[in-house]
Amino acid sequence: MNNFPISTIRRRFTSLQGPFTYLDAPGGSQVPDEVGEAIADALREAAANLGAGYPSSNRAQAILEAAEANAAALLGCGPEEVTFGTNMTTLNFALTRTAARDMQPGDEILTTALDHDAGVAPWLELAEDRGLVVRRVEILPDTTLDFEDLQSKLNNRTRVVAFAWASNAIGTVTDAARVCQLARDVGALAWVDAVHYAAHEAIDVRRIGADVLLCSPYKFFGPHLGLAYVAADVSASWRPYKARPTPNTPLGRRLSTGTFPFELLAGFNATTDYLKSIGGFDAIAPYERALGQRFLSGLPDTVTLYGLPTMEGRVPTFLINVSGLDGTELARHMVGQGIGVWAGDTWYALDLYQRLGYERTAVRIGFVHYNTAEEVDQALAALASASDQS
Ligand SMILES: Cc1ncc(COP(=O)(O)O)c(C=O)c1O
């Protein structure tokens, strides 16, 4: 933990200079100042559309091309395989509809009991419209994916296996390469929700063998945007919903709708520059794991943790309750101690919520690379004092 330059990193965030401790990154992270500055610069200098040939338009063009290249480097794909959108949910509704244009009634989609509903609802709505069948893959009691159940549900009608790489509620990580391989074995598309994972670990779509992968830069120190990878052979086979004059190349742009949010793409470029400057996820992941381990090791006995009890197979996102307290009371206590967390019921993971079985709400505590060991200790002290109150 010692050689991660945490003090230098934190100085790049105005929002981290005050006394408040942000442990709420799973809902949207803090953003380094340079991202906001890049957005403001773009609004000053690149407020134009593409193709006009004068400087502001050329700047907008350069921002878009840089964003495609940066997204490609981040995800391990080609720039023509990248699409931007409003957020993951909107992109997923659009891409699922495009993918389903050649699906037939009775075709099957698998989702999992770990998923955020943004990865499930688009398929359920399509099933309603088009007679598709959505089947849910179960989890084991320890909250990891039940691969036997997955294998038993794959068949020659399976068209898509959609799954969350990491759970936004409890942090459990799924072996994405294994799921993608099983999907491919039956000729189905591997459709990955990497929204939660992307803030914690490096992504390489080729290594895991994904066909489609979605994430949201606002979860990893960037602006409010959605980002998708669609494998070139897959998007080339799709007939996208698009305005007719929209260019057909690069492929990813065919899947975008309307004018690009150039200022947010400029912010995204600043985000990827920021990540590179601190050593990327190779530097981030071990530091975060140490924070997570410190938290797990110090948890008071009064805390119930939902999910994996070690850092093996998880990212440092923890869902908890303290005995004798409602989640809302616990969150209020922590906010009173200067810690930004809140209590939620389903955390949008509807199936998981049913399986975890807590009453009403639980509090989610998420550590990312800008958090410190002292903040972990502050959270542990707040949990201990919450226990005293109960
Ligand atoms: C795992 C996961 N998937 C999907 C989403 C939806 O993302 P967005 O807010 O970009 O639509 C979230 C948001 O919290 C998430 O955590």
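Bear in mind the structure is a predicted one, so any value in this text is a computation, not a measurement.

Thresholds, definitions, all that
Residues numbered from 1 in each chain as written. Predicted model: local features only at pLDDT ≥ 70, side-chain atom pairs only at ≥ 80, totals over all residues. Helix = DSSP H or I, 4+ residues; strand = E, 2+ residues; numbered from the N terminus. Buried ≥ 20, exposed ≤ 12 C-beta atoms within 10 Å, placed from the backbone. Contact = placed C-beta atoms within 7 Å. Near = placed C-beta within 6 Å. Nonpolar A, V, L, I, M, F, W, Y, C, P; charged D, E, K, R; others polar. Pairing = 2+ DSSP bridges. Axes fitted to C-alpha atoms, helices over the stretch in contact; angles between N-to-C directions. Left-handed = near helix turned anticlockwise from the far one by under 90°. Core = buried A, V, L, I, M, F, W, Y, C linked by C-beta atoms within 7 Å. Domains from an automatic or database assignment. Expected span 1.5 Å × (residues − 1).

Colleague: Mind showing me how you'd approach the overall build of the protein chain here?
Modeller: Counting its regular elements, the protein chain contains 15 helices and 13 strands. Principal-axis analysis of the C-alpha atoms places the extent of the protein chain at approximately 65 × 55 × 30 Å. Here the protein chain, with 390 residues, has 47% of them falling under the buried criterion. Pairs at least 24 residues apart make up 70% of the contacts formed inside the protein chain by residues separated by at least 6 positions.

Colleague: Mind showing me how you'd approach the site of the ligand here?
Modeller: In the region of the ligand, 13 residues are neighbours, and Asn 87, Met 88, Thr 89, Asn 168 and Ser 216 sit closest. In the shell around the ligand, the residues fall into 4 nonpolar, 8 polar and 1 charged.

Colleague: What am I meant to see in the sheet that holds strand 4 (residues 133-137) here?
Modeller: Two strands in a sheet stick together by hydrogen bonds in their backbones, pointing the same way (parallel) or opposite ways (antiparallel). With mixed pairing, the 7 strands of this open sheet are ordered in space as 2-8-7-6-5-3-4. Both edges of this open sheet fall to strand 2 (82-85) and strand 4, since each of them pairs with a single strand only. Sheet twist, expressed as the mean angle between neighbouring strand axes with direction ignored, is 20 degrees. The pairing of strand 2 with strand 8 (residues 226-230) spans 4 bridges and is antiparallel. Residue pairing in the sheet places Gly 85 in a bridge with Gly 226 of strand 8.

Colleague: Just checking my understanding: could you explain the pairing of strand 10 (residues 317-322) for this structure?
Modeller: Across a regular strand the side chains alternate sides, sitting on one face of the sheet and then on the other. Strand 10 sits mainly inside the fold: 6 of its 6 residues count as buried. Burial along strand 10 is two-sided: the face carrying Thr 317, Leu 319 and Asn 321 and the face carrying Phe 318, Ile 320 and Val 322 are both buried. Inspection of the sheet shows strand 9 (residues 303-306) paired to strand 10 by 4 bridges, in the antiparallel sense. Paired with Tyr 306 across the bridge in strand 10 is Leu 319. Strand direction decides the pairing type here: strand 10 and strand 13 (residues 362-366), joined by 4 bridges, are antiparallel. Looking across to strand 13, one finds that Phe 318 is bridged to Ile 365.

Colleague: Explain unusual backbone geometry to me, please; I cannot follow it from the model alone.
Modeller: Both trends apply: most residues other than glycine have a negative phi, and most peptide bonds are in trans. In the segment running from Thr 249 into Pro 250, the intervening peptide bond is cis, with an omega of -15 degrees. Mapped onto the elements of the fold, Pro 250 is located in the loop between helix 9 (232-237) and helix 10 (251-254). Positive phi values are uncommon outside glycine, yet Thr 143 reaches one of about 85 degrees. One can find Thr 143 in the loop between strand 4 and helix 6 (147-153).

Colleague: Where do I start with the sheet that holds strand 10 in this structure?
Modeller: With antiparallel pairing, 4 strands are arranged side by side in an open sheet as 9-10-13-12. One side of each edge strand has no neighbouring strand; the edge strands of this open sheet are strand 9 and strand 12 (343-344). Summarising the sheet, strand 12 and strand 13 pair through 2 bridges and their orientation is antiparallel. Along strand 13, the bridge assignment pairs Ala 343 with Val 363.

Colleague: Looking at this structure, how should I read the packing of helix 2 (residues 33-45) against helix 11 (residues 262-277)?
Modeller: In a pair of packed helices, the angle between the axes and the distance between the axes together describe the arrangement. Where helix 2 contacts helix 11, the axes come no closer than 8 Å and their chain directions differ by 145 degrees. Helix 2 and helix 11 meet at a crossing whose hand is right-handed. Of the residues in helix 11, those in contact with Glu 34, Val 35, Ala 38, Ile 39, Asp 41, Ala 42 and Leu 43 of helix 2 are Phe 262, Glu 263, Leu 264, Ala 266, Gly 267, Asn 269, Ala 270, Thr 271 and Tyr 274. Across the contact of helix 2 with helix 11, the residue classes break down as 10 nonpolar, 3 polar and 3 charged.

Colleague: Looking at this model, I keep getting lost on the environment of Leu 91. Mind explaining?
Modeller: Its place among the elements puts Leu 91 in helix 4 (residues 88-99). As a C-alpha pair, Leu 91 and Gly 280 span 189 residues in sequence and 25 Å in three-dimensional space. Apart from residues lying up to four places away in sequence, Leu 91 is in contact with Thr 83, Gly 85, Leu 214, Gly 226 and Ala 228.

Colleague: Quick question: what am I supposed to make of the nonpolar core here?
Modeller: As a rule of thumb, nonpolar side chains are buried together in soluble globular proteins. Counting residues in each nonpolar core, the largest one holds 120 residues, and the members touching the most others are Val 161, Val 192, Ala 194, Val 212, Leu 213 and Tyr 229. A per-element tally of this core places helix 11 first, with 8 residues. For this core, the two domains that each supply at least three residues are domain 1 (6-30 + 280-389) and domain 2 (35-276).

Colleague: Explain the domain arrangement of the protein chain to me, please; I cannot follow it from the model alone.
Modeller: Interface size, as often reported, equals the accessible area lost upon joining of the parts. Taken as a whole, the protein chain is organised into domain 1 (6-30 + 280-389) and domain 2 (35-276). For domain 1 and domain 2, the distance between their C-alpha centres works out to 27 Å. For the side of domain 1 that touches domain 2, the secondary-structure elements that each account for two or more residues are helix 12 (280-298), strand 10 and helix 14 (350-356).

Colleague: I'm lost on helix 3 (residues 55-75) in this one. Help?
Modeller: The terminal C-alpha atoms of helix 3, which comprises 21 residues, lie 30 Å apart, in line with the 30 Å expected from a rise of 1.5 Å per residue. Within helix 3, burial applies to Ala 60, Ile 63, Leu 64, Ala 67, Glu 68, Asn 70, Ala 71, Leu 74 and Leu 75. Just downstream of helix 3, Gly 76 is the residue with a positive phi angle, here 80 degrees.

Colleague: What am I meant to see in the pairing of strand 13 here?
Modeller: Of all 5 residues that make up strand 13, 5 are buried, and the element is covered over most of its length. The two faces of strand 13 match: Ala 362, Arg 364 and Gly 366 on one face and Val 363 and Ile 365 on the other face are all buried.

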